[in-house]
Structure formats: structure tokens, C-alpha cells
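# Analysis of the macromolecular model
Given next are the chains, with one letter for each unit.
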Amino acid sequence: MAVREVLHYPDIRLKQVSVPVSSFDQALREFLCDLEDTMRASPGCVGLAAPQVNYFQRIVIVDVSGKPGIAHNGRMLLVNPEVVSREGEAVGREGCLSVPDYTGNVARAERICVRAQDGNGEWREYRCEGYEARAVLHEIDHLDGLLFLDRLVSKRELFRRKAYRT
Amino acid sequence: MKRWYMLTVVGRDQPGIVAALADALFRAGVNLGEASMVRLGGSFTIMLMVETERDASAIRTILDPAGRSLGLNMHVDLIDAQLHSHVEPNVRVTVYGADRPGIVAQVTAALASRGFNILDLESDVAGTREQPIYVMTIDGHSAESATAIEKLLLPLREKGVEVGAEPLETLVG
């Protein structure tokens, strides 16, 4: 049980690609606890990826269950996650523990299906939509060295997209 | 001691305005902060935070050659920078309709009456010369919910203006 230090951009380690998890051992389970503790230590934080705490393996945690009135899968610990399918597109505001004092608009898929292993190496599939899908995609991006800064869209763009859709 | 100033620039839009000003400021050792730069109608407009040990008149002197050659009007004010303390908007108000006098006054008066703080307002006059339409997006911080703000603006719909308010939720991950 420990809250780990979160890396802040422009730390270039945040731009590196993480490697798949290969051993589902006690060390992994301890790391998963630390990742969750670190996420919970920041009020309002709904997800965290391993590279944000200087651990470059393909692991993310997402938990949007604290937000009222949205669909969610509860706490999701995703090891070696893969996005199997994506549908739709929505623009929403994102910020990041690793990018303090900045938020921006990002386009993400509205509905996704994600396949991932749990802490014991069992494969599971999750269907996510809206806010939860956004959180999962934001965290998986970290595993590929991508920040939301790599995906910003302007507010004018946002209005145009919205006007087209309705 | 270094201090922050707000530089305001307006001029007929043409390529090279930002490059000329940024180059003059850089050569003079002036640091740049946050900025909003946009073409409005045929004009290019700049609001730019700059940091320097010099005073406002020295900044004007630094920019004078570029300003003259590009025909820019410029203004410099000493400010309190307040960097690294962004306020997150939590409500977005969207407004559009046939352009007519008073839309902005009515919408913003209603918002101000509830203490709604406008953080970002963008508006465009679109459509044609004969039938202009007005489109406005306001992001702001409100102590009241988006639903309450929308209800407040509903009477404007009877005047033929489409208005809406939606919550802005910022994901932190």
C-alpha cells in the first residue's frame, strides 16, 4: 500500500511506449494496489496508467463509478488492454494528473469494447460507453506514450462537429 | 524585477503579423505567456501576456517598427499574471439565431444575474449578408447547474433565439 509519485510532463519518460506484462506474480499485485492508491489519493481522478508512476508496463486502472448517473463497469484493472472495437465519436474535456493546470477538448470513440487481463492473467472483455470509454482510451494512450495533448481539438472544431451531428 | 503586461494588437489581417511581433519580442529578451489570437472579420486580433524587466513604453518601442510596417494598433497594460491557476468551466451555453440587436445583452444579463462567470466567449456572424446568423459559445463557471441556467435562458427562445446550456465535465486521468 503506497501512493507513488506521479510523473509530470515535460518529463520525456511519459512519451515512452510500455511493454506487455508477462508475469502475473506478487510484485504485479502489489503494483496494482499502489496504482489504485495513487489514483484514489487525487480527488476527482478517474484513471491512472502505470507509466504515469514511472512503471513502464501495460497496466491501467479506471474507476468512474463515483460520477453520478453514468454507465460504468466499476473498478477496472486492465492488464495488457486491447481496444477490440470502437464506435461513434464525441468531443469532451480532458485533463491529466501528469499535465497540471491544463485541460483541452479531445475527440474519442463513444462506445468501445476492450479486452484485457486481470491481476491473475485471466482475459476479460468490457463494453464501455461515454465518459468511461473516454477514461479507458485516455489511459491506454499513456501505454503508447501518448498524452491528451497529442489529440487536442479546438473549441470551434467542437461546435462544427456538434452542428453537423444534430 | 520582471513584470507581466497584456499586449493588445489589432490590425488588418495579413500573413506575418505574429511572426514579426514574436521575433521583435524574442530579440529583446521578452518572455511570452498565454495568448488568444484570432481573425475577427478582416482584422487580426492579439491578446498576449508578455514578461519583461522593462516598462510599458519600452515594450511599445520594441514593437514599433513591426507595428508601423504592418499597420497595427497596439496597447500595453501592466497586469497581475495569475498563471498556473486556471479556472475550469463547468457549464457551456450555446446560442444561435437570426442576427438581431440585443442577443448578447440579453443572454449575458441573464447569466450575470446568477453570478455566472464567463471564462471564454466565442461568437461568429455567419450566414449571408442578407440573412446573417449569430452563433455564440460561452464556457463559464456557474454555482448553479446547467439545467438551472438553461431554464433561465428559455424565455429567449420565444424571441426566436436557440439557447441551450450543458454541463462541462472534465475527465482527469
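Residues numbered from 1 in each chain as written. Chains lettered and ligands numbered in written order. Predicted model: local features only at pLDDT ≥ 70, side-chain atom pairs only at ≥ 80, totals over all residues.

Assigned secondary structure in chain B consists of 4 helices and 9 strands. Ordered by position in the sequence, the α and β elements of chain B form the string β-α-β-β-α-β-β-α-β-β-α-β-β. Relative to the compact-globule value of 16 Å for 173 residues, chain B shows a C-alpha radius of gyration of 20 Å, a clear excess of over 25%. Expressed as a percentage of its 173 residues, the buried residues of chain B come to 21%. Taking contacts inside chain B between residues at least 6 apart in sequence as the whole, the part at least 24 apart equals 67%. (Helix = DSSP H or I, 4+ residues; strand = E, 2+ residues; numbered from the N terminus. Rg over C-alpha atoms; globule rule 2.2 N^0.38 Å. Buried ≥ 20, exposed ≤ 12 C-beta atoms within 10 Å, placed from the backbone. Contact = placed C-beta atoms within 7 Å.)

In this section: helix H3 (residues 103-113) of chain B. All names here are of chain B. Residues of H3 that are buried: Ile103, Val107 and Leu111. In an axial view of H3, the angular spread of the buried residues amounts to 45 degrees, which keeps them on one side of the axis. Away from its buried face, by an angle of more than 90 degrees, H3 presents the exposed residues Ala105, Ala109, Ala112 and Ser113. Buried residues belonging to H3 abut strand E5 (91-98), strand E6 (117-127), strand E7 (132-141), helix H4 (146-153) and strand E8 (161-167). Gly115 lies just past H3 and shows a positive phi near 75 degrees. (Arc of directions from axis to C-beta.)

Below, the discussion takes up helix H1 (residues 17-27) of chain B. Residue and element names in this part refer to chain B. Among the residues of H1, those classed as buried are Ile17, Leu21 and Leu25. Taken end-on, H1 shows its buried residues confined to a sector of 45 degrees, consistent with a single buried face. Exposed positions of H1 whose direction lies more than 90 degrees from the buried face are Ala19, Asp23, Phe26 and Arg27.

This next bit is on the sheet that holds strand E8 (residues 152-153) of chain A. Strand order in the open sheet formed by 4 strands is E8(A)-E5(A)-E4(A)-E9(B), with mixed pairing between adjacent strands. Pairing within the sheet leaves two strands with one partner each, and these edge strands are E8 of chain A together with strand E9 (170-172) of chain B. Here 6 bridges tie strand E4 (residues 90-96) of chain A to strand E5 (residues 99-108) of chain A, and the two strands are oriented antiparallel to one another. Its bridge partner being in E5(A), A:Arg93 is matched across the sheet by A:Asn105. Running at roughly 40 degrees to E9(B), helix H2 (residues 130-143) of chain A makes contact with E4 and E5 of chain A together with E9 of chain B of the sheet. (Pairing = 2+ DSSP bridges. Axes fitted to C-alpha atoms, helices over the stretch in contact; angles between N-to-C directions.)

Residues and elements named next belong to chain A. On the basis of which strands lie adjacent, the open sheet formed by 5 strands has the order E1-E2-E3-E6-E7 and antiparallel pairing. Strands at the two margins of the open sheet, each flanked by one partner only, are strand E1 (47-49) and strand E7 (123-129). For this sheet the average axis-to-axis angle between neighbouring strands, irrespective of direction, equals 35 degrees.

For the rest of this paragraph, the subject is unusual backbone geometry. Going from A:Tyr9 to A:Pro10, the amide bond is cis rather than trans, its omega being 15 degrees. By the element assignment, A:Pro10 lies in the segment before helix H1 (26-40). For A:Asn54, which is not a glycine, the phi torsion comes out positive at approximately 65 degrees. Examined against the element boundaries, A:Asn54 turns out to sit in the loop between E1 and strand E2 (59-62). By C-beta crowding, A:Asn54 is classed as partly exposed, having 13 other C-beta atoms within 10 Å. At B:His84, a position not held by glycine, the phi torsion is positive, near 60 degrees.

The subject of this paragraph is the nonpolar core. Counting 37 residues, the largest nonpolar core has A:Leu35, A:Leu48, A:Val60, A:Ile61, A:Val62 and A:Val136 as the members making the most contacts within it. Counting residues per element, this core draws most heavily on H2(A), which supplies 7 residues. With sequence-adjacent residues up to four places away left out, A:Leu35 is seen in contact with A:Leu48, A:Ala50, A:Val53, A:Ile59 and A:Ile61. B:Tyr96, B:Leu111, B:Ile149 and B:Leu152 belong to the second largest nonpolar core, which has 15 residues in total. (Core = buried A, V, L, I, M, F, W, Y, C linked by C-beta atoms within 7 Å.)

Tallying the contact residues gives 11 residues for chain B and 21 residues for chain A. The biggest single contributor to the side of chain B that touches chain A is E9(B), with 3 residues. Here the side of chain B that touches chain A is built from residues that sort into 3 nonpolar, 5 polar and 3 charged. Sheet analysis places E4(A) next to E9(B), joined by 3 bridges and oriented parallel. Looking at the pairing, A:Gly95 lines up with B:Val172 of E9(B). (Nonpolar A, V, L, I, M, F, W, Y, C, P; charged D, E, K, R; others polar.)

Moving on to the packing of H1(B) against helix H2 (residues 56-70) of chain B. Residues and elements named next belong to chain B. It is the contact of H1 with H2, at a shortest axis distance of 8 Å, that shows an interaxial angle of 160 degrees. Judged on the interaxial angle alone, H2 and H1 are roughly antiparallel. Note on packing geometry: the crossing formed by H1 with H2 is right-handed. Of H2, the residues touching H1 (which contributes Ile17, Ala20, Leu21, Ala24 and Leu25) are Ile62, Leu63, Ala66 and Leu70. Tallied by class, residues from the contact of H1 with H2 come to 9 nonpolar, no polar and no charged. (Parallel < 35°, antiparallel > 145°, perpendicular 65-115°, else oblique. Left-handed = near helix turned anticlockwise from the far one by under 90°.)

That's the geometry; what it means functionally is another story.
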